[in-house]
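# Descriptive structure summary
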Amino acid sequence: EAGVTQFPSHSVIEKGQTVTLRCDPISGHDNLYWYRRVMGKEIKFLLHFVKESKQDESGMPNNRFLAERTGGTYSTLKVQPAELEDSGVYFCASSPPGINYGYTFGSGTRLTVV
Amino acid sequence: KQEVTQIPAALSVPEGENLVLNCSFTDSAIYNLQWFRQDPGKGLTSLLLIQSSQREQTSGRLNASLDKSSGRSTLYIAASQPGDSATYLCAVKEGGSEKLVFGKGTKLTVNP
C-alpha cells in the first residue's frame, strides 16, 4: 500500500510570503494529523481531521495557519503570511478509524522562512 | 499536561552491544505508546506500538515494554548494528484525545 505522501519535501520562502503544504494520507484512513518540529524542540501536534471535519485544532499556533481537507482525502496546510518562527519540519500522519491504531507518518516538509 | 522524557539524549555504542532506551511519561491515562525511528532528513518510521493493556511488543531484534502505572517504557535493541544509527522517538497517545505527545528523542550511534 502507498504510504503517506507529503510535498514539497523542502520549501524556502521569504518572510511575508505564503506557502501551502500538501499531504496525501493512506487510502481509507479517516484520521489525518499535522505535526511540526521546530529546531531543538520536540514534535508537537497541530491539528486532527476526521474525514473532512476538524476534530481538534488546539495545536495551531495562530490564525496565520489554515488547514483544509477536501472531501476527506488530501489535506493542505497554508501559512499566510509566513514568519521566521514558522521554520521547521511539518509532518503529516494518518491512521484508520479507532483509537487503538498507530500512526503512519509522511517524510515531512522542511520549511525555511528567510 | 502530559510530558514525555527520553533518556539519554544521545548514546554511542560499539557494534554488537545490547542497549536500552528509556521513555517516561507523566500521565498514565494513555491509549497506547509508539516507538519511532527517524533517519537524518527523513520521516518517522513506526517500530513498535504497545496498547495500554499490553506489557510488551517484539519485532525482530527490538523489544519494547510498557509499565503504564509507573509511566515508563523501554526499547531494547539486541546485537546493535551500524544500520541502527538513528534518532529514536517515543510518543504516547493521550487518553481522551487523538494527540500524540512526543519526547525529544535519543540519538543513537552504533560504531563499526
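Throughout, a residue's number is its position along its own chain's written sequence, starting from 1. Whichever chain is written first becomes A and whichever ligand is written first becomes 1, with later ones labelled in order. Totals for whole chains, interfaces and linings use every residue, but because this is a predicted model, local features are given only for residues with pLDDT of at least 70 and side-chain atom pairs only at 80 or more, for both listing and counting. Note: side-chain values were computed over all heavy atoms of the structure, leaving out hydrogens and water.

Another point: the overall build of chain A. Numbering goes from the N terminus for both helices and strands, where a helix is a DSSP run of H or I of at least four residues and a strand is a run of E of at least two. On a plain count of helices and strands, chain A comes out with zero helices and eleven strands. Secondary structure elements in chain A, listed N-terminal to C-terminal, are β-β-β-β-β-β-β-β-β-β-β. For chain A, whose C-alpha radius of gyration is 13 Å, the value lies close to the compact-globule estimate of 13 Å for 114 residues. Along the first, second and third principal axes, the C-alpha atoms of chain A reach 40 × 25 × 25 Å. Note on exposure labels: buried denotes an accessible area under 20% of the residue type's maximum, exposed denotes more than 50%, and partly exposed covers the range between, all computed with a 1.4 Å probe on protein chains only. Residues counted as buried form 46% of the 114 residues belonging to chain A. The contact definition used throughout considers only heavy atoms, calling two residues in contact when any of these lie within 4.5 Å. Of all intrachain contacts in chain A linking residues separated by at least 6 positions in sequence, the fraction that spans at least 24 positions is 52%. In the structure as shown, chain A presents an accessible area of about 5,500 Å², 49% of it carried by carbon and sulfur atoms. Note on method: radius of gyration uses C-alpha positions; expected globular size equals 2.2 Å times residues raised to 0.38. Using a 1.4 Å probe, accessible areas were evaluated by the Shrake-Rupley method; residue-level cover was limited to the displayed protein chains.

Contact with chain B, which involves 19 residues of that partner, is made by 20 residues of chain A. The term buried area means the drop in 1.4 Å probe accessible area that two parts suffer when joined, counted for both and summed. Counting the surface lost from both chain B and chain A, the interface buries some 1,700 Å², and carbon and sulfur atoms represent 53% of this. Under this definition, polar contacts are N or O atom pairs within 3.5 Å; protein pairs additionally need one hydrogen-donor-capable and one acceptor-capable atom, and for neighbouring residues in sequence, both atoms have to be side-chain atoms. Remark: the boundary between chain B and chain A carries eight residue pairs in polar contact (both at pLDDT 80 or more). Elements supplying a minimum of two residues to the side of chain B that touches chain A: strand E4 (30-38), strand E5 (44-51), strand E9 (86-94) and strand E10 (100-102) of chain B.

What follows deals with the sheet that holds strand E6 (residues 56-59) of chain B. Residues and elements named next belong to chain B. The strand order E1-E3-E8-E7-E6 describes an open sheet built from five strands, whose pairing is antiparallel. Lying at the two open borders of the sheet, with one neighbouring strand each, are strand E1 (4-7) and E6. Put simply, the sheet's adjacent strands are angled 15° from each other on average, direction ignored. Sheet topology places strand E7 (residues 62-67) next to strand E8 (residues 72-77); six bridges connect them, and they run antiparallel. Across the sheet, residue Asp67 finds its bridge partner in E8, namely Arg72. Whether two strands pair comes down to DSSP finding at least two bridges between them. To obtain an axis, a line is fitted to C-alpha atoms, over the contacting stretch when the element is a helix, and the angle between two such axes runs from 0 to 180 degrees between their N-to-C directions.

Oppositely charged side chains may form a pair once their charged atoms are brought near each other. All names here are of chain A. We count a salt bridge whenever a side-chain nitrogen from Lys or Arg sits within 4 Å of a carboxyl oxygen from Asp or Glu. The final tally for this structure, using the stated rule, is seven salt bridges over all chains. For Arg22, the salt bridge identified is with Asp24, shortest N-O distance 2.8 Å. Of the residues examined, Arg22 reaches a relative accessible area of 26% and is grouped as partly exposed. A residue is classified by how much of its surface remains accessible, and Asp24, at 21% relative accessible area, is partly exposed. In this structure, the salt-bridge partner of Lys54 is Glu57, at a minimum N-O distance of 3.9 Å. Under the relative-accessibility criterion, Lys54 is labelled partly exposed at 37%.

Cysteine sulfur pairs qualify as disulfides if the two atoms are within 2.5 Å. Summed over all chains, the structure comprises two disulfides over all chains. Shown here is the disulfide that connects Cys23(A) with Cys92(A), its sulfur atoms set 1.8 Å apart. What sets the handedness of the Cys23(A) and Cys92(A) disulfide is the S-S torsion sign, and at about -60° it is left-handed. Of this pair, Cys23(A) sits in strand E3 (residues 19-24) while Cys92(A) is found in strand E9 (residues 88-95), placing the two residues 69 residues apart along the sequence. The disulfide that involves Cys23(B) links it to Cys90(B), with 2.0 Å between the sulfurs. Taking the sign of the S-S torsion, -55° for the link of Cys23(B) and Cys90(B), the bridge is left-handed. In this pair, Cys23(B) is assigned in strand E3 (residues 19-25) and Cys90(B) in strand E9, connecting sequence segments 67 residues apart. With respect to class, Cys23(B) is no different from Cys90(B); both count as buried.

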